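Structural features, examined
Given next are the chains, with one letter for each unit.
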2 protein chains.
Amino acid sequence: MDEKQTEIAQLGEFGLIEHLTKDLHVHNNEFTLKGVGDDCAVLEYSESEVLVSTDLLLEGIHFDLTYVPLKHLGYKAAIVNFSDIYAMNGTPRQITVSLGISKRFTVEHIEALYSGIRLACEIYGVDLVGGDTTSSRSGLVISITCIGNAQKDKIVYRNGAKDTDLICVSGDLGAAYMGLQLLEREKIASVGQADFHPEFEGKEYIIERQLKPEARKDIIEELDKAGIIPTSMIDISDGLSSELMHICKQSNTGCRIYEERIPIDYQTAIMAEELNMNLVTAALNGGEDYELLFTVPLHQHDTVEKLSGIKIIGHMTGSNLGCAMITRDGTEMELKAQGWNHLS
Amino acid sequence: MDEKQTEIAQLGEFGLIEHLTKDLHVHNNEFTLKGVGDDCAVLEYSESEVLVSTDLLLEGIHFDLTYVPLKHLGYKAAIVNFSDIYAMNGTPRQITVSLGISKRFTVEHIEALYSGIRLACEIYGVDLVGGDTTSSRSGLVISITCIGNAQKDKIVYRNGAKDTDLICVSGDLGAAYMGLQLLEREKIASVGQADFHPEFEGKEYIIERQLKPEARKDIIEELDKAGIIPTSMIDISDGLSSELMHICKQSNTGCRIYEERIPIDYQTAIMAEELNMNLVTAALNGGEDYELLFTVPLHQHDTVEKLSGIKIIGHMTGSNLGCAMITRDGTEMELKAQGWNHLS
């Protein structure tokens with residue numbers, strides 16, 4: 001590293017917090033009365049319901065700083081939480097950020113992490129209103145809680161799907177997972193090489209999906225404009241298969257999705273080919289897509305079909321029929337909620 | 001360990017969450033519409049402002065499982081967060097709990113931790129509404145976010161003290177810190193001894209203050225009944241000295257407190273004597289008291305003096321006079337915000 005690095009001990013805990021938050025003004029929305037600087041943040045939600053979600057990210061489990069830049073990590077850590085609020089058909093408004101920092105991190109490292117978090121906040125109109133900072137004995141700990149809001153009659157839960165509803169998904173699937181595989185491959189290839197250049201050409205999309213995902217604010221706005229309130233919704237963090245089974249379980253339905261309808265980007269397909277991996281498995285179980293999976297009533301078929309970035313991939317059924325995918329050759333394959341952690 | 005221990009891998013992440021939350025009904029207050037089980041919890045705060053606070057606790061930094069039982073740890077982790085809400089003159093209503101769990105913990109361990117959290121929730125009328133559970137490479141990580149509420153005109157910040165206000169503190173100080181010293185002493189004494197019995201007789205109070213602190217809900221209620229809204233308030237987690245300086249800085253005042261007025265329990269005094277430590281230093285800088293430090297206008301002197309469990313320890317001054325303690329012999333000693341972490 002060429003740039004000047006400042007040890008965190010030079011500032012101390014209070015000094016670090018002051019340094020990180022000194023030009024932090026809460027101004028991104030009108031739901032924040034008071035941000036960082038007291039025992040609590042103060043929020044104003046008299047006109048709507050409050051949504052709360054939280055995520056804990058640990059170094060060595062959720063991220064590998066060998067190939068994840070700290071700014072990207074901060075951005076992604078925030079996005080992941082925004083995504084949970086959108087998945088309820090709400091809008092994220094505030095986050096709190098708690099960090100556990102081990103000795104190998106400098107003030108500049110934490111500034112980089114924070115700059116990613118703040119960038120995400122600015123883009124999505126969210127205020128950073130509080131947190132906790134402490135030393136850690138082992139690696140970086142990031143705990144983010146997101147608070148948002150929604151009108152009571154517009155909140156979408158996981159349990160509202162009916163057995164004739166259409167199953168829809170935004171964007172495309174499996175790309176973040178294939179991006180991770182690529183990053184892991186290049187990490188291994190780089191071992192012991194001083195002047196290593198990873199091969200990412202033509203694979204920018206899957207790398208970006210892994211390192212800098214976005215939350216689907218645009219889809220929530222699009223649905224709202226079209227007058228559609230999904231009957232159920234969830235964001236895809238653990239893989240389509242797992243999330244769809246959550247909805248089916250809580251809605252007491254079964255489902256049928258069609259392999260040929262699952263949206264997959266061509267870079268994802270090429271990467272799977274190159275690594276000799278099953279593409280559909282990656283799309284079904286590869287996590288971290290942060291796309292929205294939702295159901296709408298059958299009669300809204302024509303409205304939904306016209307929307308961009310949304311694909312109808314199947315339909316709900318009675319719970320007695322179970323959860324299955326119809327493959328290209330017409331076979332029924334039972335869905336399994338293995339989740340992405342168990343893939344590797 | 002004699003009792004049956006179940007490996008967490010047997011249940012998996014989803015299984016563990018389901019196991020821990022299966023009989024968890026949100027019922028402790030009317031501000032929770034939906035708890036665990038969706039992408040977000042849903043809360044209802046149309047009649048008041050929302051308060052949010054968060055704390056990150058890491059094994060090896062904030063707690064030592066050699067002498068801290070997991071149930072106590074859970075209780076304390078919750079209490080610490082409730083305390084922040086009371087410090088704004090609010091009422092805690094919900095918490096989210098995120099856990100990072102390393103391999104040496106079993107399902108029964110996490111049940112014990114959870115039972116402490118849930119006990120605290122029941123006693124204080126708080127709902128456990130969400131969280132995240134993940135594996136950790138190194139020790140236990142506990143991240144709790146607390147949400148509460150208060151009427152807008154009753155919220156007390158750190159910055160409202162006037163230069164003639166009285167400085168008040170609840171309970172007594174330094175006991176948790178001396179309890180920690182005792183536990184550390186016995187831990188060292190126990191090394192290599194199979195049948196070790198720690199000497200805690202006559203020291204139960206300071207042990208309890210360290211292992212099972214309470215948040216001062218009662219003080220908030222007492223002040224409310226007496227019609228007192230403090231001009232500023234903070235809870236004492238890092239030590240009286242440090243917290244008082246936060247209030248002075250944010251209120252732009254100085255202060256004078258009197259050594260002879262600082263409330264100290266006799267067990268704290270005996271322990272300090274035994275360990276040959278400075279008692280006043282422990283009371284000023286020993287952390288984790290979770291008492292409330294607040295200021296009230298001078299004209300409320302007689303009302304405050306009558307309240308039980310509250311002591312007037314000094315008064316605010318103009319900021320030009322700085323922050324100082326008047327010792328028993330009449331000397332002015334400048335206050336320093338060293339915080340408890342730097343004591344040991």
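Below, the discussion takes up the overall build of chain A. Across its full length, chain A holds 10 helices and 13 strands. For a compact globule of 344 residues, the expected C-alpha radius of gyration is about 20 Å, and chain A comes in at 21 Å, within 12% of that figure. Its C-alpha atoms put chain A at 65 × 55 × 30 Å along the principal axes. Sorting the 344 residues of chain A into buried and exposed places 51% on the buried side. Sequence-distant contacts in chain A: of pairs separated by 6 or more residues, those separated by 24 or more amount to 87%.

Right, let's talk about the relation of the copies chain A and chain B for a bit. Turning one copy of the chain about an axis and sliding it along that axis gives the other copy, so a rotation and a shift relate them. Laying chain A over chain B is done by rotating through 180° and shifting 0.0 Å along the axis; what remains is an RMSD of 0.0 Å. Here the transformation between the copies is reduced to the relation of a two-fold axis. Among all residues of chain A, the minimum C-alpha distance to the rotation axis is found for A:Ser46, at 1.8 Å. Most of the interface of chain A is mirrored in chain B: 98% of its interface residues are interface residues there too.

Once that is clear, we can look at the packing of helix H1 (residues 12–21) of chain A against helix H3 (residues 107–124) of chain A. Residues and elements named next belong to chain A. Running from amino to carboxyl end, H1 crosses H3 at an angle of 40°, the nearest separation of the two axes being 11 Å. The orientation of H1 with respect to H3, classified from their angle, is oblique. Of the two possible hands of crossing, H1 and H3 adopt the one that is right-handed. Facing H1, whose interface residues are Leu16, His19 and Leu20, H3 presents Val107, Ile110 and Tyr114. Residues that form the contact of H1 with H3 fall into these classes: 5 nonpolar, 1 polar and no charged.

This brings us to the pairing of strand E11 (residues 310–318) of chain B. Residues and elements named next belong to chain B. Bridging between strand E7 (residues 166–170) and E11 involves 5 bridges; their strand directions are antiparallel. Residue pairing across strands places Val169 opposite Lys311, the latter belonging to E11. As paired strands, strand E9 (residues 253–258) and E11 are joined by 5 bridges and run antiparallel to one another. Along E11, the bridge assignment pairs Arg256 with His315.

Residue and element names in this part refer to chain B. The strand order E8-E10-E7-E11-E9-E12-E13 describes an open sheet built from 7 strands, whose pairing is mixed. Edge positions in the sheet fall to strand E8 (232–235) and strand E13 (332–334), since each of these pairs with one other strand and no more. Going from strand to strand, the sheet's axes swing by 25° on average, the running direction of each strand aside. Relative to strand E10 (residues 292–296), E8 runs antiparallel, the two sharing 4 bridges. From the neighbouring strand, Ser232 faces E10, where its bridge partner is Thr295.

Moving on, we come to the domain arrangement of chain A. All names here are of chain A. Split into domains, chain A comes out as domain 1 (8–153) and domain 2 (166–342). Residue-level contacts link 15 residues of domain 1 with 17 residues of domain 2. Per element, the largest residue contribution to the side of domain 1 that touches domain 2 is 9 residues, and it comes from helix H2 (residues 70–86). A per-class count over the side of domain 1 that touches domain 2 returns 9 nonpolar, 4 polar and 2 charged.

Turning our eyes to something else, we now look at helix H2 (residues 70–86) of chain B. Compared with the 24 Å implied by 1.5 Å per residue over 17 residues, the 25 Å span of H2(B) between its first and last C-alpha is a close match. Most of H2(B) sits out of view: 16 of its 17 residues are buried.

Let us look at the pairing of strand E10 (residues 292–296) of chain A. Regular strands place their side chains on alternate faces of the sheet. Residue and element names in this part refer to chain A. Counting buried residues in E10 gives 5 out of 5 residues, a clear majority hidden from the surface. Here E10 shows two buried faces, one formed by Leu292, Phe294 and Val296 and the other by Leu293 and Thr295. Sheet topology places strand E7 (residues 166–170) next to E10; 4 bridges connect them, and they run antiparallel. Bridge pairing in E10 links Val169 to Leu293.

Once that is clear, we can look at the interface of chain A and chain B. Tallying the contact residues gives 47 residues for chain A and 46 residues for chain B. Here the element with the most residues in the side of chain A that touches chain B is strand E3 (residues 49–58) of chain A; it accounts for 9 residues. Its residues assigned to classes, the side of chain A that touches chain B shows 21 nonpolar, 16 polar and 10 charged. Judged from the 3 bridges that link them, E3(A) and strand E2 (residues 41–43) of chain B form a sheet pairing that is antiparallel. Bridge pairing links A:Val50 to B:Leu43 in E2(B).

Residues A:Ala78, A:Ile117, B:Ala78 and B:Ile117 are the most contacted members of the largest nonpolar core, which totals 202 residues. With residues near it in sequence (within four places) discarded, A:Ala78 still touches A:Ile95, A:Ile117, A:Ala120, A:Cys121 and A:Ile144.

Another point: the sheet that holds strand E5 (residues 127–135) of chain A. Strand order in the open sheet formed by 6 strands is E5(A)-E4(A)-E6(A)-E3(A)-E2(B)-E1(B), and the pairing between neighbours is mixed. The open sheet is flanked by E5 of chain A together with strand E1 (32–34) of chain B, the only strands paired with a single partner. Strand-to-strand, the axes of this sheet are offset by a mean angle of 25°, without reference to chain direction. Of the strand pairs in this sheet, E1(B) and E2(B) are connected by 2 bridges, and their pairing is antiparallel. In the sheet register, B:Thr32 faces E2(B), and the bridge partner there is B:Leu43.

Moving on, we get to the environment of B:Glu222. With respect to the element layout, B:Glu222 can be found in helix H6 (residues 217–225). In the structure, B:Glu222 is positioned 100 residues away from B:Glu122 in sequence and 21 Å away in space, judged by C-alpha atoms.

On average, residues of chain A score 93 in pLDDT, and 97% of them reach the 70 mark or higher. Considering only residues more than four positions removed or in separate chains, one finds that residues 340–344 of chain A, a stretch of pLDDT under 50, has 10 contacts.

About the criteria used
Residues numbered from 1 in each chain as written. Chains lettered and ligands numbered in written order. Predicted model: local features only at pLDDT ≥ 70, side-chain atom pairs only at ≥ 80, totals over all residues. Helix = DSSP H or I, 4+ residues; strand = E, 2+ residues; numbered from the N terminus. Rg over C-alpha atoms; globule rule 2.2 N^0.38 Å. Buried ≥ 20, exposed ≤ 12 C-beta atoms within 10 Å, placed from the backbone. Contact = placed C-beta atoms within 7 Å. Least-squares fit on C-alpha atoms with pLDDT ≥ 70 in both. Axes fitted to C-alpha atoms, helices over the stretch in contact; angles between N-to-C directions. Parallel < 35°, antiparallel > 145°, perpendicular 65-115°, else oblique. Left-handed = near helix turned anticlockwise from the far one by under 90°. Nonpolar A, V, L, I, M, F, W, Y, C, P; charged D, E, K, R; others polar. Pairing = 2+ DSSP bridges. Domains from an automatic or database assignment. Expected span 1.5 Å × (residues − 1). Core = buried A, V, L, I, M, F, W, Y, C linked by C-beta atoms within 7 Å. pLDDT = per-residue confidence, 0-100.

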